[in-house]
Amino acid sequence: MKNFIENLPKAELHLHIEGSFEPAQMFEIAQRNAIEIPFKSVKEVEEAYKFDCLQDFLDIYYQGANVLIKEQDFYDLTYAYLQKCAAQNVRHTEIMFDPQTHTDRGVAFETVIKGISNACADAQTKLGVSSLLIMSFLRHLPEESAFKTLEQSLPFKHLITAVGLDSSEKGNPPSKFKNVYKASVDAGYIPLAHAGEEGDASYVWEALDILGIKRIDHGNNALQDPKLIEEIIKQDIALTVCPLSNTALQVVKDIKDHPLKKMMDLGLKVTINSDDPAYFGGQVNANYMAVQKALNLSKDDLYLLAKNSFEYSLLSKNKINKYVEELNTYYKANS
Ligand code: ADE
Ligand code: ZN
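Note that the structure is a prediction, hence the values are computed from the model and not measured.

### A look at the coordination of the zinc ion (ligand 2)
Surrounding the zinc ion (ligand 2) are the protein donor atoms His14 (NE2), His16 (NE2), His194 (NE2) and Asp275 (OD), which sit 2.0 to 2.2 Å from the metal. Every donor counted, the 4 donor atoms about the zinc ion (ligand 2) form angles of 84 to 173° at the centre, which fits irregular coordination.

### Brief notes about the site of ligand 1
In the vicinity of ligand 1, the residues found are His16, Leu54, Phe57, Leu58, Tyr61, Asp166, Ser167, His194, Glu197, His218, Asp275 and Asp276. Within the side chain of Asp276, one N or O atom sits 2.7 Å away from a nitrogen atom of ligand 1. Here ligand 1 has 260 Å² of accessible area as a free molecule, and 100% of this is covered by the chains. With respect to the pocket detection grid, ligand 1 is positioned in the largest cavity. In terms of residue count, the dominant contributor to the shell around ligand 1 is helix α4 (residues 54-65) (4 residues). Looking at the shell around ligand 1 residue by residue, the class counts come to 4 nonpolar, 4 polar and 4 charged.

### Thoughts on the nonpolar core
Counting 113 residues, the largest nonpolar core has Phe97, Tyr181, Ile232 and Tyr279 as the members making the most contacts within it. For Ile232, the residues in contact, after removing those within four places along its chain, are Val204, Leu208, Ile216, Ala222, Ile237, Leu239 and Leu268.

### What about the packing of helix α2 (residues 23-32) against helix α5 (residues 71-87)?
Their axes nearest at 11 Å, the elements α2 and α5 cross at an angle of 165°. Looking at the two axes, α2 sits roughly antiparallel to α5. Once α2 is placed against α5, the crossing between them reads as right-handed. Judged by residue contacts, Gln25, Ile29 and Arg32 of α2 engage Gln72, Asp73, Asp76, Leu77 and Ala80 from α5.

### Topic: the sheet that holds strand β9 (residues 269-272)
Taken in spatial order, the 4 strands line up as β6-β7-β8-β9 in an open sheet, and their pairing is parallel. The sheet terminates laterally at β6 (193-195) and β9, the two strands that pair on one side only. Recorded for the sheet is a direction-independent mean angle of 35° between the axes of neighbouring strands. Bridge count between strand β8 (residues 238-241) and β9: 4 bridges; the pairing is parallel. Residue pairing for β9: Leu239 is matched across the bridge by Val270.

### Describing the pattern of salt bridges
Within the structure shown, the criterion is met by 13 salt bridges. Across the salt bridge formed by Arg91 and Glu326, the nearest N and O atoms sit 2.7 Å from each other. In this pair, Arg91 is assigned in strand β2 (residues 90-97) and Glu326 in helix α17 (residues 317-334), connecting sequence segments 235 residues apart. On the basis of relative accessibility, which here comes to 28%, the residue Glu326 falls in the partly exposed class.

### Quick notes on helix α11 (residues 226-234)
Along an α-helix, a turn takes 3.6 residues, which lines up residues three or four apart on a common side. Of all the positions in α11, only Leu228, Ile229, Glu231 and Ile232 are classed as buried. One face of α11 carries all of its buried residues, which in axial projection span an arc of 160°. What points out from α11, more than 90 degrees from its buried face, is the exposed set Pro226, Lys227, Glu230 and Lys234. Here the buried face of α11 lies against α10 (201-209), β7 (215-218), β8 and α13 (260-266). Measuring from the backbone nitrogen of Lys227 back to the side-chain oxygen at the start of α11 gives 2.9 Å, which picks out Asp225 as the cap.

Parameters at a glance
Residues numbered from 1 in each chain as written. Chains lettered and ligands numbered in written order. Predicted model: local features only at pLDDT ≥ 70, side-chain atom pairs only at ≥ 80, totals over all residues. Heavy atoms only, no water. Donors = N, O, S within 2.8 Å, 3.2 Å for Na, K, Ca; no water. Tetrahedral: all angles 85-135°; square planar, octahedral: opposite > 155°, others 65-115°. Near = heavy atom within 4 Å. Polar contact = N/O pair within 3.5 Å; in protein donor to acceptor, adjacent residues only side chain to side chain. Areas by Shrake-Rupley, 256 points an atom, 1.4 Å probe, with all protein chains shown as cover. 1 Å grid on protein atoms, 1.4 Å probe; cavity = no way out; pocket = protein on both sides within 12 Å on 5 of 7 lines; lining within 4 Å. Sits in = over half its atoms within 2 Å of the grid points. Helix = DSSP H or I, 4+ residues; strand = E, 2+ residues; numbered from the N terminus. Nonpolar A, V, L, I, M, F, W, Y, C, P; charged D, E, K, R; others polar. Core = buried A, V, L, I, M, F, W, Y, C linked by side-chain atoms within 4.5 Å. Buried < 20%, exposed > 50% of the residue type's maximum accessible area, 1.4 Å probe, protein only. Contact = heavy atoms within 4.5 Å. Axes fitted to C-alpha atoms, helices over the stretch in contact; angles between N-to-C directions. Parallel < 35°, antiparallel > 145°, perpendicular 65-115°, else oblique. Left-handed = near helix turned anticlockwise from the far one by under 90°. Pairing = 2+ DSSP bridges. Salt bridge = Lys/Arg side-chain N within 4 Å of Asp/Glu carboxyl O. Arc of directions from axis to C-beta.

As C-alpha cells, this is what we get:
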C-alpha cells in the first residue's frame, strides 16, 4: 500500500503555504534576515508543536511566519513545498496564503504574491507540478481588513483563483464576511472557506448559504446535521479533509475515530490533504498512509480519493480530464 500511495497521481487542495514552513528552513531564513525566534534548535521547535486546539496552533504558526520578509523568502518557502509535491507525485496543488499575516507586519502584498507565484511558475516548468492560488482572509480580523486585502490583490488578480477564510473559527462565523465575499465574487474570485473544523454545523450552513462557497475546507462537523449532508451532496460540493491536522488539533481524538470513511460511505465527495504539514507531522502522502492504515482503506478507496482531488480542483475541465486519465492509467496497471 505504501508504494501504491507514493506513486498514486494526486492533487492537494488544502495547504497553507505558511504551514509548510519546516523548522530548519525557518532557522535559515530567520538568520539571514537577522530576526530572533524564541527557539534555540530545531528540536526545541518540534517540542513546541503540541497543541490542544486550533488557537494553540495558530499562536505558534503566526509567530513562525514573522521571519518571512523578502520576496526571496516567499519564493524559497513555496518552492520547497513544491519540491515535496514532486517527490510525492502530487501533480497539482491549490495553495492558500494569508496576506494579512504579512501585510500587517509591513510586508507589501506585492512582495508576498510575487515570491509565491514566481515559485509556482518555476515549479510548473522545472518540476511539472501545476498550482493555483487561494487568497485567504483571516477571520479573527474585522471584515474591513479583508476588504483592504481584496483591494490590494486586484492588480494581481490574474495570479489568484479563489478566496478562502481561515484562522480562529469559533466566534467568527462566515456571515461576518458576507460583504467581502460578495465583492470577491464580483471581482472574479471563486469563494471557498474553512467551515466545521471547530465550529458547529451552523458555520457550514452559513458558508454555503451566505458566502456561496464551492468547496468546504474540513467540514467535519457537517456530520452533526443530516439535512446539511443532504444539501452538500445535492450541491455536489467537496470536503478537503485533513486527517493529521484533525488529530494534531484534537478535532478527532484518535486517527482510528476519523470520520473520513463514514463521509465517503454517506456519499460525500472527500479529498485528503495536509493543511499545515510542517506542524502536523506529515505531508499529503503521510495523511493517505495514516487513514489507509487506521480505517483499512482499499486501493479502490484510495483511487476514489485521488480522483476526487482532481475532479474537485479549480482546474479547467480539460486539465482535469488529462490528470484523471493519468490516474486511470496508473490504477489499471497497479490495482
Ligand atoms: N490556518 C492554517 N491552518 C488552519 C486551520 N487548520 N484552520 C484554520 N486556520 C488555519
Ligand atoms: Zn486549513
